[in-house]
Amino acid sequence: MEKTETTKGLKVVVRIIDKVFETGRKYATDFKKNMAIQFDKFLPKWNYVAMPCTC
């Protein structure tokens, strides 16, 4: 992966996170109400940003 390059010259940077993530963790009940969630344009199922809502 580290040596991957596109025909246009885009280079890929890989960072391996050596961490075990907990599964089944629940979020706070009011999380969706208090946070504005912006989904990524290309991979919305995987990438998103949660920012405090200014409501």
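Everything numeric here is computed off the predicted structure, so don't read it as measured data. Every chain's residues receive numbers from 1 upward, in the order its sequence appears when written. Under the rules for a predicted model, residues below a pLDDT of 70 receive no local features and side-chain atom pairs below 80 are neither given nor counted, while totals for whole chains, interfaces and linings still include all residues. Excluded from the side-chain calculations are hydrogens and water; all other atoms, namely the structure's heavy atoms, are used.

S.K.: When you look at the overall build of the chain in this model, what are you seeing that I'm missing?
M.R.: Helix and strand assignments come from DSSP, with helices taken as H or I runs of at least 4 residues and strands as E runs of at least 2, each series counted from the N terminus. Within the chain one finds 1 helix and 2 strands. Overall, the chain shows an N-to-C arrangement of helices and strands of α-β-β. Here the chain has a C-alpha radius of gyration of 17 Å; the compact-globule value for 55 residues is 10 Å, and the former is much larger. Judged by the C-alpha coordinates and their principal axes, the chain covers about 45 × 30 × 15 Å. In this description, contact between two residues means that some pair of their heavy atoms is separated by no more than 4.5 Å. By sequence separation, contacts in the chain at least 24 residues apart represent 0% of the contacts at least 6 residues apart. When the accessible area of the chain is evaluated, it comes to approximately 6300 Å², of which 57% is carbon and sulfur surface. Here the chain holds 11 positive side-chain charges and 6 negative ones, and the gap between their average locations is 6 Å. The quantity called the radius of gyration is restricted to C-alpha atoms. Its globule counterpart is 2.2 Å times the number of residues to the power 0.38. All accessibility values rest on the Shrake-Rupley procedure with a 1.4 Å probe; residue burial counts only the protein chains present in the view. Charged residues are defined here as Lys and Arg on the positive side and Asp and Glu on the negative side; His and the ends of the chain fall outside this count. Taken as the charge location is NZ of Lys, CZ of Arg, CG of Asp or CD of Glu.

S.K.: What should I look at first to understand the layout of surface pockets in this one?
M.R.: Vacant regions in the atomic arrangement are exposed by a probe of water-molecule size rolled over the atoms. Using protein atoms alone on a 1 Å grid, points that fit a 1.4 Å probe yet trap it form a cavity, whereas open point sets bounded by protein on both sides within 12 Å along at least five of seven lines form a pocket; residues with an atom within 4 Å of a point count as lining. Grid points are joined across faces, edges and corners, and a volume is the space filled by probe spheres set on the points. A volume near 150 Å³ is recorded for the largest pocket. Lining the largest pocket we find Arg25, Lys26, Tyr27 and Tyr48. Think of it as three bins: nonpolar holds Ala, Val, Leu, Ile, Met, Phe, Trp, Tyr, Cys and Pro, charged holds Asp, Glu, Lys and Arg, and polar takes everything else, Gly as well. Along the lines of polarity and charge, the residues of the lining of the largest pocket split into 2 nonpolar, no polar and 2 charged.

S.K.: Could you clarify how one ought to interpret a nonpolar patch on the surface in this entry?
M.R.: Taken together, the side chains of Val12, Val14 and Ile16 make up a nonpolar region of the molecular surface, amounting to roughly 270 Å² of accessible area. Three labels apply to residues, based on accessible area from a 1.4 Å probe with only protein chains included: buried if under 20% of the type maximum, exposed if over 50%, partly exposed otherwise in between. Given a relative accessible area of 34%, valine 14 falls into the partly exposed group. Here the term patch refers to residues with relative accessible area over 30% and no salt bridge, with like charges joined within 9 Å and nonpolar side chains (Val, Leu, Ile, Met, Phe, Trp, Tyr) within 5 Å. Definition used for salt bridges: Asp or Glu carboxyl oxygen within 4 Å of a side-chain nitrogen of Lys or Arg.

S.K.: Hey, could you run me through the confidence of the model for the chain in this one?
M.R.: Note: predicted coordinates in regions of low pLDDT should not be interpreted at a detailed level. The predictor attaches a confidence to each residue, and that confidence, scored 0 to 100, is pLDDT. Residues at a pLDDT of 70 or more form 93% of the chain, whose mean pLDDT is 82. The spread of mean pLDDT over the elements of the chain runs between helix 1 (residues 31-34), the lowest at 83, and strand 1 (residues 35-39), the highest at 89.

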